[in-house]
Amino acid sequence: MKLGVFIERDGVLNQVRIERQHQVSPLTLDEFHVNQDAVALLNKLKAAGLVLVATSNQPGLSRGYQNRREMDRMHDQMRRILPLDDIMVCPHDETDRCPCRKPKPGLLVEAAFKWKLDLDRSFVISDKWQDAEAARTAGCTSLLIQSPWVGKVHRDFVLPDLAAIVEKILHLHTTTRAMVA
Ligand SMILES: [Zn+2]
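The written sequence of each chain sets the order in which its residues are numbered from 1. Only residues with pLDDT of 70 or above have their local features reported here, since the model is predicted, and side-chain atom pairs are shown and tallied only from 80 upward, although totals for entire chains, interfaces and linings are computed over all residues. The side-chain figures draw on all heavy atoms in the structure; neither hydrogens nor water molecules are used.

A. Just the nonpolar core, in detail. Side-chain atoms within 4.5 Å link the members of a nonpolar core, which is a set of buried Ala, Val, Leu, Ile, Met, Phe, Trp, Tyr and Cys residues. To sort residues, take the accessible area from a 1.4 Å probe on protein chains only and compare it with the maximum for the residue type: under 20% means buried, over 50% means exposed, and anything in between is partly exposed. Counting 33 residues, the largest nonpolar core has Val-5, Leu-13, Leu-45, Met-78, Leu-84, Ile-125 and Ile-169 as its most contacted members. Helix numbering and strand numbering both begin at the N terminus, where a helix is a DSSP run of H or I of at least 4 residues and a strand a DSSP run of E of at least 2. Of all elements in the fold, only β1 (4-8), α1 (37-47), β4 (51-57), α3 (68-81), β5 (86-90), β6 (123-126), β7 (141-145) and α6 (162-180) reach the threshold of two or more residues within this core. It is α6 that contributes the most residues to this core, 5 residues altogether. We call two residues in contact when some of their heavy atoms are within 4.5 Å. Beyond its immediate chain neighbours, meaning those up to four positions away, Met-78 contacts Arg-9, Leu-13, Phe-32, Val-34, Ala-54, Leu-84 and Ile-87. Residues Val-51, Val-53, Leu-108 and Ala-112 belong to the second largest nonpolar core, which totals 18 residues.

So this is what it looks like as structure tokens:
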């Protein structure tokens, strides 16, 4: 089985506006800016044989303020810039009580089924506690970028930036491989 790295989209792979201590997702291609720093870092993970899956809660799709076609254009651009294998989106509102809105683990479980990933040895990267919670439920190792949104839930690592997280994953991945061999 392959190993996955699940990466929160907003705030990690693309820039977000901050309003009253909350992240505001970009809604149009004009507003959508991929983090250029992520390109080389994701390429390192890809070169290590990891399957890279972006994950995102986009309740605007069901609330009506995120246009599906516009989001697809944003994601096409993100795929052209970043070596992503997949982009998984929860389109639901909190009140829909779906199984895929993070902190629920549905997106991770669905991607694991689709890509035949071993969740116990896979990784989750984010700057928010919801992803750490989803990782814990799914059995993945969570790595959070230090931010105002890391909360107090269980997480395996909190590190200063994406570069430090990628180094940590490569180290853990190599160590696990050595142990299995
Ligand atoms: Zn959902």
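B. A look at the layout of surface pockets. By volume, the largest pocket is sized at about 830 Å³. What lines the largest pocket is a set of 27 residues, among which Asn-57, Pro-59, Arg-101, Lys-128 and Gln-130 lie closest to the centre. Of all elements in the fold, only β3 (22-24), β4, α2 (60-63) and α5 (129-138) reach the threshold of two or more residues within the lining of the largest pocket. Three categories are distinguished: nonpolar for Ala, Val, Leu, Ile, Met, Phe, Trp, Tyr, Cys and Pro, charged for Asp, Glu, Lys and Arg, and polar for the others, with Gly belonging to the last. Here the residues of the lining of the largest pocket are counted per class, giving 8 nonpolar, 8 polar and 11 charged. Note on definitions: the grid is 1 Å and covers protein atoms alone; a cavity is a set of points where a 1.4 Å probe fits but cannot get out; a pocket is an open set with protein on both sides within 12 Å along at least five of seven lines; lining residues have an atom within 4 Å of a point. Grid points are joined across faces, edges and corners, and a volume is the space filled by probe spheres set on the points.

C. Representation of the pairing of β1. Counting buried residues in β1 gives 5 out of 5 residues, a clear majority hidden from the surface. Neither face of β1 is left uncovered, since the one carrying Gly-4, Phe-6 and Glu-8 and the one carrying Val-5 and Ile-7 both have all their residues buried. Where β1 meets β4, 5 bridges bridge the pair, whose relative direction is parallel. Of the residues in β4, the one forming a bridge with Phe-6 is Val-53. When DSSP locates at least two bridges between a pair of strands, those strands are taken to pair.

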